[in-house]
Every structure is written in structure tokens, then in C-alpha cells.
Amino acid sequence: MSLLEHTLEELHTMLVNKETTAEEIMTAVFARISETEDKIGAFITITEEEALLKAREMDEAGIDPDDLLSGLPIGIKDNIITEGTLTTAASRILEDFVPIYDATVSKKIKEAGMISVGKLNMDEFAMGGSTETSYFKLTRNPWNLEKVPGGSSGGSAAAVASGQVPVALGTDTGGSIRQPAAFNGIVGMKPTYGRVSRFGLIAFGSSLDQIGPFSRTVKDNALVLNAISGADPADSMSAQQEVPDFTAGIEKGVKGMKIGVPKEYMSEGLQPGVKEAVLKAVETYRSLGAIVEEVSLPHSQYGIAAYYIIASSEASSNLQRFDGIRYGYRAEGAESLDELYIKTRSEGFGDEVKRRIMLGTFSLSSGYYDAHFKKAAKVRTLIRQDFEKVFDSYDLILGPTATTTAFDIGGKVKDPVAMYLADILTVPVNLAGVPAISIPCGFSEGMPVGLQLIGKHFDEQTIYRAAYAFEQATDFHKERPNL
């Protein structure tokens, strides 16, 4: 059995018992990256020298038995600031940006003793659902190299699914953790908005962005969320909420739990194999003692329209700072300040980023604000109220993570509307700010299918409990792509 097949808890026990060392684990990670990276293309930057040095230092100091994540490897999405390590957000405009500070989550990962092995590929500025808008490279799905890994956190998901790293951090603005987790047959959690600090995250949509973990098992995921959660004075939207141990009570099961299945999530447009896998998952939950009933989220049909107005408006504001003056790419040959701005942003941003800046700027412009942004904000409130109404009577909401399995590379990237509509089942969660997880629940035409579990605000514990019960009752999490 490969070292990288073990869970985080198993690796920790091996380290404490001196059955392996942090350096041996890191060596195995970089051997696996070397073996698979040419096929997958998950990493933008690999920090082998620094990681091995840190692992040796930790071995010499000794692994603390109480520090469960100490000496273990993690990959980090490339829109999360890391001191001294190139951080690009997969954009030409930041192709040589080396930060001088750490994001709060980067700091927390270090405090937990985890060792970053590199920065992972993504859609440029997290704008996309396939990791095809990256300026640097194409990431492929380990289950089928002709398919996308999903996005925008496609590099994070592909790295975990292919066994390059046991866990990774991603970000989710409209489904960018859950959809790639579904496409790659792994676990991906978008926590409640405010549960994890956004300080040091290169912003896309500030009222929607949330950092969360990818893993191969539910418990590993909960352990990483333990490490990165918590209030942060550096993030004004960080919740002053106590952080529980997300693994506590994870084994209690789902007997008596009430789960709602929105009829809108199971309607036309679902790939038949996806629908079949989700309906089988419903029967699994019933067999475990859960009460599963149909519910309604009537305003979810307006989620895509509202989301792309709100997210693009926030993006157009957030991306004003990339002007070629203070940091990042600067165009050559400009003869005036206006020309420098125009040339830098024209050359530095890709087509999808430009599209969203224009859409957002239009939505916020005088004469259109009330018709677009203000109306989208009202729809957002209705969507949130839909969730609250269901959660008055139910513990969780269940449905597919995506309408299809991973699509072909090049299949949707030239059709923005088709790409946007692929997020129809994930964006309402971000608009409402509630937590949700994607776990593997089957296969359709040889590709993984994701099951989405949505919970109440700050109730990640119940989500993990239900996800763990399903994982223990099935073997989908044990399946591996053949590389």
C-alpha cells in the first residue's frame, strides 16, 4: 500500500510510532507528482526543496502526538496568498507576483504543522468551471484525460484525485470546490460564508468567496476544516462564531435525520446516470434510518441570473487594483497613463475575465443599477429565504452536485452561457451563504457523480455526519482513477 493511500489520521499514527518520517511522506508526494504531473497538469508552482527542508526540520524536532496534522502535505490553490511563493491566480497579470505575507489560511496551515508542496492550477481569477481559462496550462481529469477536471479549483481536485496530495485547499464562489470534487470523485466542502477567513484570498466576488478543503475521505476533510476555521480581525466578514471539532459526533449516523430533496434539483436537464446515482443515494439514506422527502426551492431557477450579475459586479470592482502601476504585469510601450492602463489590462487579462468585468461594470452603471444589480440582490434574499423555510423542518438538503459528469475539454469553453448554466445546482448555496459538501455517490458512463449535501448556517457538523454515514455504507470513495 502506497504511503499516499493512508488517511491523515493513519499517517499521523505512523509518524508518532516512527513507522515513517515526514521526509519519507514528502518524498513519496514528489515522486507521485513527478510520475503523474505531465498527464494531469495540476500544479503551477512546485515547492519541493522548501517542503523537504521543512519536513527534515520537523523530523529532527519530533512530531507532536497531539498535533494531528503536523508533518503532513497539502496543496494550495494559486489564488491564496503564500509568503515567498509565486501566487498568480492563473493570470498573466500576476505571472511574477511573489507575496511578502501569508493569507490567514496559509498561516493556519503552517501553525497546524502542515507543509505546502506547491500552488495548484485554476481558472483565471477563479472565473470558469473547467480550469481551461488558466493562462499557464491545461489541467486534465485523472479519470479521463480528455475530460475537464471542473473548475475553478480544478488543479486542487485533480491533485487529490490522482494521489499527488492527500488534501488541498480550494475556493468556492459559485461551486468551484463542489463541482470539481464531483467531477473527480472526491470530497469537497464549501463552508458557511464567514466560517473561514478570506484575508489573503485574491478576491473574485467578496460576498460569495469561501475557502474550503478537498480530500479523499470525509473525516480528512473535517480535520482540515478544523485547522483553517475561525474568526479573524483581518476579515471584516469573518464570523465571530465558535469553531466546534467537526469530527466530534461524526460517527453518530443519520437515524431520524430529516433530509429534503428539492424537486427543482431533480427535474429535466439531469444526465440520466447522474439522476440514477442520486436516487440510489436517497435509498441508501433511507436504509440508514433517515427520513427523506421532496421539498421545494422555488426561486433557485433564478440563481444563475442573480449570481452572474452579483459576482461579476463584485469582480469588476475587485479587479480595478490590477492596473500595472503597483505590482504585477505592466505593458510595454505606453505613452500615457490611460494607455498604460488599457494596454496592461488588455494584455494581462484573459477573455473570460474581461467578459465578467464588462458584465459587472454594465450592471453597476448609472441607469442600469436598479434594473440589474439591485434586482439580483432582491432575488438573492428570496433564495436565502427558500433555504431558511426548508431548514425550519429539515436537517439537510440533498441533491446532485452537477447536472452532468465531467464534460470534454473544449466542450463548453467557447460557449459562456452553457458554461454558466452548468453551475445551476451550486450557485444558490453561495447566494444563501450556507455550507455544502460534495461526496462521491456513483458513476455514469465511467465518470464520477457527486452528491451535494447542504446544511444550515454554521452547521457543518451535521453535513459531515451525514456524509460520513453515506461513505461508510458505500465504497465509492475507495475507487481510484487508473493513471
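Residues numbered from 1 in each chain as written. Predicted model: local features only at pLDDT ≥ 70, side-chain atom pairs only at ≥ 80, totals over all residues. Heavy atoms only, no water.

Naming follows an unreviewed UniProt entry, where the chain appears as Glutamyl-tRNA(Gln) amidotransferase subunit A of Pisciglobus halotolerans. Per UniProt, the chain has the following entry under Catalytic activity (unreviewed entry): "L-glutamyl-tRNA(Gln) + L-glutamine + ATP + H2O = L-glutaminyl-tRNA(Gln) + L-glutamate + ADP + phosphate + H(+)". Entered under Function (unreviewed entry) in the UniProt record, the comment concerning the chain runs "Allows the formation of correctly charged Gln-tRNA(Gln) through the transamidation of misacylated Glu-tRNA(Gln) in organisms which lack glutaminyl-tRNA synthetase. The reaction takes place in the presence of glutamine and ATP through an activated gamma-phospho-Glu-tRNA(Gln)." (UniProt positions renumbered as here; feature names shortened; annotations may be inferred.)

Caption draft 1: Up close: the overall build of the chain. Counting its secondary structure elements, the chain contains 15 helices and eleven strands. Computed over its C-alpha atoms, the radius of gyration of the chain comes to 21 Å, within 12% of the 23 Å expected for a compact globule of 483 residues. For the C-alpha atoms alone, the extent of the chain along its principal axes is close to 65 × 55 × 45 Å. Going through the 483 residues of the chain one by one, you find that 61% of them count as buried. Long-range pairs, those at least 24 residues apart, make up 76% of the contacts in the chain between residues at least 6 apart in sequence. On the chain, roughly 18500 Å² of surface is accessible, and the fraction owed to carbon and sulfur atoms is 50%. In the chain, which carries 47 positive and 65 negative side-chain charges, the distance between the mean positions of the two groups comes to 6 Å. (Helix = DSSP H or I, 4+ residues; strand = E, 2+ residues; numbered from the N terminus. Rg over C-alpha atoms; globule rule 2.2 N^0.38 Å. Buried < 20%, exposed > 50% of the residue type's maximum accessible area, 1.4 Å probe, protein only. Contact = heavy atoms within 4.5 Å. Areas by Shrake-Rupley, 256 points an atom, 1.4 Å probe, with all protein chains shown as cover. Lys, Arg positive; Asp, Glu negative; His and termini not counted. Charge placed at Lys NZ, Arg CZ, Asp CG, Glu CD.)

Caption draft 2: A look at empty space enclosed by the protein. One pass over the structure, following the stated rule, counts five cavities of 30 Å³ or more. By volume, the largest cavity amounts to about 90 Å³. What lines the largest cavity is simply Ala126, Met127, Gly128, Gly151, Gly174, Gly175, Ser176, Phe204, Tyr307, Tyr308, Arg356 and Asp423. For the lining of the largest cavity, the per-class residue count stands at five nonpolar, five polar and two charged. (1 Å grid on protein atoms, 1.4 Å probe; cavity = no way out; pocket = protein on both sides within 12 Å on 5 of 7 lines; lining within 4 Å. Points joined across faces, edges and corners; volume = space filled by probe spheres on them. Nonpolar A, V, L, I, M, F, W, Y, C, P; charged D, E, K, R; others polar.)

Caption draft 3: Local environment of a nonpolar patch on the surface. Taken together, Ile100, Tyr101 and Phe199 make up a surface patch of nonpolar side chains, about 320 Å² in accessible area. Here Ile100 shows up in the loop between strand S2 (73–77) and helix H4 (104–111). (Patch = residues over 30% accessible without salt bridge, like charges linked within 9 Å, V, L, I, M, F, W, Y side chains within 5 Å. Salt bridge = Lys/Arg side-chain N within 4 Å of Asp/Glu carboxyl O.)

Caption draft 4: The arrangement of helix H12 (residues 370–391) in detail. Taking 1.5 Å of rise per residue, the 22 residues of H12 would be expected to cover 32 Å, and the 31 Å separating its terminal C-alpha atoms lies within 8% of that figure. Inspection of H12 places Phe373, Ala376, Val379, Arg380, Ile383, Asp386, Phe387, Val390 and Phe391 among the buried residues, and these make up the whole buried set. Packing partners of the buried residues in H12 comprise strand S8 (291–295), helix H9 (303–318), helix H11 (351–364), strand S9 (396–400), helix H14 (427–432) and strand S11 (447–454). (Expected span 1.5 Å × (residues − 1).)

Caption draft 5: The pairing of strand S3 (residues 115–120), seen in detail. Burial analysis of S3 places five of its six residues in the buried class, which makes it a mostly covered element. In the sheet, strand S1 (residues 43–46) pairs with S3 via three bridges, with the strands oriented antiparallel. Its bridge partner lying in S3, Ile46 is registered against Gly118. Bridge analysis of S2 against S3 gives four bridges, and the strand direction is parallel. Within S3, the position partnered with Pro73 by the bridge is Ile115. Crossover S2 to S3 through H4 is right-handed. (Pairing = 2+ DSSP bridges. Right-handed = clockwise from strand over helix to strand, strands pointing away.)

Caption draft 6: Representation of the packing of aromatic side chains. Under the criterion given, the structure shown has 17 aromatic pairs. Between Phe125 and Phe322 the ring centres are 5.0 Å apart and the planes differ by 55°, which places this aromatic pair in the tilted class. Placement of the pair is Phe125 in the loop between S3 and helix H5 (154–161) and Phe322 in the loop between H9 and helix H10 (337–348), with a sequence separation of 197 residues. Each member of the pair, Phe125 as well as Phe322, is classed as buried. Their ring planes at 15° and their centres at 4.0 Å tell us that Tyr308 and Tyr420 sit as a pair that is stacked. Of the two residues, Tyr308 is situated in helix H9 and Tyr420 in helix H13 (residues 416–421); the sequence distance between them amounts to 112 residues. Assessed through its relative accessible area of 6%, Tyr308 is described here as buried. Owing to a relative accessible area of 12%, Tyr420 belongs among the buried residues under this scheme. In this structure an aromatic cluster arises from ring pairing among Phe97, Phe125, Phe322, Tyr327 and Phe349. (Phe/Tyr/Trp six-rings, centres within 6.5 Å; stacked < 30°, edge-to-face > 60°.)

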